[in-house]
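# Remarks on the overall topology
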Amino acid sequence: MRIVSLLPSATEILFALGLDREVVGVSHECDFPAQARTKRVVIHSRLPLDAPPLEIDRLVREYVSRGESLYSVDGEALGELGPDLIITQDLCRVCAASPDDLATTLAGFPEPPEVLCLNPQDLGDVWRDILWVGEATCRGHEAEALLRKIGTRLGELERQTQGAEHRPRVAILEWLEPFYVAGHWVPEMIEVAGGKDVLGQERTPSFRVSAQDVIDAAPEILLIAQCGYSAKQARDEYRAMSFPEEWSAIPAVRNSRVYAMEASGYFSRPGPRLMTGIEALAKILHPEVVVSPEAESVALPITTAPVTAFTSPSRAASA
């Protein structure tokens, strides 16, 4: 079988199921595991590289308002690869290519490949998608084995956190300029890790909030997990911003419990590594929990005091 994955999380699933040789094409964002970077890229972003967050937000809104895709399909490369199966998504037009992006290209194929479209809304859907990918690639047993391992880790984490007397109030931001609250499976991850998400909503797309919304929510722990960013990039973006004076009164800020998270691998992508993201959250919320070194490396404490201003940004309408 020749497989093209247009979705970083699907690429991770495919490699976890031992299909590294069958994967022949990927998107420009498929960077894990390292071998994925050796595959031919068939999808490219139309957004400029290294654009600042505000510019990215503006361009995304412009593309969406015009009904245009953020991605371009390399039809020639796709035709040369001749895939039997293409895996894409229909969850977020900002995050990855959708079936609409493929339609024109595939219409010219003499024998169009099978297209598997993933659309996870919560953790249950993510684990289900692993089974779907396994079924579509004749790796059902491997998919079941992977889920058993995830289940074992979840059980061990639950054993360690079930006696916790306090569930900290958590806010997790997946974008900073402007502020966006993480949604879909992320609030559930916080719940499983032993916390309470004070802004996000399960099975709901991320939405825009104001600085005042975050201040009013008074989180005890503030997590910066910018979609597509590493922990270091997220930390640097946060440090470069200015905030209203009341920001310093947020319990998380006042008590130095602000963390930058490695979002690309452990929060933004609905794949197997979400389990490591849950463990990383549990370690932050309940420091006595024992987790793997990988999970401990997911977060970077942000110890620098934020730069504050005297005027608060106006409340933004939810998007």
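Cut-off values and rules
Here the residue numbering is sequential within each chain, running from 1 through the sequence in written order. Where local features are concerned, this predicted model is filtered to residues with pLDDT of at least 70; where side-chain atom pairs are given and counted, the filter is 80 or more; whole-chain, interface and lining totals use all residues. Side-chain metrics rest on all non-hydrogen atoms present in the structure, leaving aside hydrogens and water. Note on definitions: salt bridges are taken to be side-chain nitrogens of Lys or Arg within 4 Å of carboxyl oxygens of Asp or Glu. Numbering of helices and strands runs from the N terminus, with a helix taken as a DSSP run of H or I at least four residues long and a strand as a DSSP run of E at least two residues long. In this analysis, rings of Phe, Tyr and Trp, with Trp reduced to its six-membered ring, are considered paired at centre separations within 6.5 Å, and the interplanar angle assigns stacked below 30 degrees, edge-to-face beyond 60, and tilted for intermediate values. Residue burial is assigned from relative accessible area. The probe radius is 1.4 Å, only protein chains are included, and a residue is buried under 20% of its type maximum, exposed over 50%, and partly exposed in between. Pairing between two strands is assigned when DSSP locates at least 2 bridges connecting them. Note on geometry: axes are lines fitted to C-alpha atoms, helical ones only across the stretch in contact, with angles between N-to-C directions running from 0 to 180 degrees. Should any heavy atoms of two residues lie within 4.5 Å, those residues are counted as being in contact. Confidence scores labelled pLDDT are given residue by residue by the predictor and lie between 0 and 100. Look down the strands so they point away from you; if going from the first strand over the helix to the second traces a clockwise path, that crossover is right-handed.

## Let's talk about the pattern of salt bridges
If charged atoms from side chains of opposite charge come close, those side chains can pair. Counted under the stated rule, the structure contains 17 salt bridges. Between Arg139 and Glu22 there is a salt bridge, with its nearest N and O atoms 3.7 Å apart. Of this pair, Arg139 sits in the loop between helix 5 (123-136) and helix 6 (140-161) while Glu22 sits in the loop between helix 1 (8-16) and strand 2 (23-27), and the two are 117 residues apart along the sequence. The partner of Arg203 in a salt bridge is Asp122, and the shortest N-O contact between them spans 2.8 Å. Pair noted here: Arg203 is in the loop between strand 9 (196-197) and strand 10 (207-208) and Asp122 is in the loop between strand 6 (114-118) and helix 5, with a separation of 81 residues, a long-range link.

## Concerning the packing of aromatic side chains
Scanning all chains against the criterion turns up 5 aromatic pairs. Here the aromatic rings of Trp175 and Tyr229 are separated by 5.4 Å at their centres, their planes lie at 80°, and the arrangement is edge-to-face. In this pair, Trp175 sits in strand 7 (residues 169-175) while Tyr229 sits in the loop between strand 11 (221-224) and helix 9 (231-240), placing the two residues 54 residues apart along the sequence. By the burial criterion, Trp175 is buried, and Tyr229 matches it. Centre to centre, the rings of Tyr238 and Phe243 are 5.0 Å apart; their planes meet at 40°, and the pair counts as tilted.

## Describing the sheet that holds strand 4 (residues 71-73)
Pairing is mixed across the open sheet formed by 6 strands, whose spatial order is 4-3-2-1-5-6. Each edge of the sheet is formed by a strand with only one pairing partner; in this case those strands are strand 4 and strand 6. Adjacent strand axes in the sheet meet at a mean angle of 20° when their direction is disregarded. The pairing of strand 5 (residues 85-89) with strand 6 spans 5 bridges and is parallel. Bridge assignment links Thr88 to a residue of strand 6, and that residue is Cys117.

## Thoughts on the side chain of Asp129
With respect to the helices and strands, the residue Asp129 is situated in helix 5. Residues contacting Asp129, with those up to four places away along its chain left out, are Leu118, Asn119 and Pro120.

## Quick look at the confidence of the model for the chain
Scored by pLDDT, the chain has a mean of 90; 92% of the residues are at 70 or more. In this model residues 310-319 is a low-confidence stretch, pLDDT under 50, and it forms 22 contacts with partners more than four residues away in sequence or in other chains.

## Topic: the pairing of strand 2
Of all 5 residues making up strand 2, 5 are buried, and the element is well covered by its neighbours. In the sheet, strand 1 (residues 3-5) pairs with strand 2 via 2 bridges, with the strands oriented parallel. Across the sheet, residue Val4 finds its bridge partner in strand 2, namely Gly25. As for the winding sense of the linkage, the β-α-β connection from strand 1 through helix 1 to strand 2 is right-handed. Alignment of strand 2 against strand 3 (residues 40-45), held across 3 bridges, turns out to be parallel. For Ser27, the partnering residue across the bridge sits in strand 3 and is Ile43.

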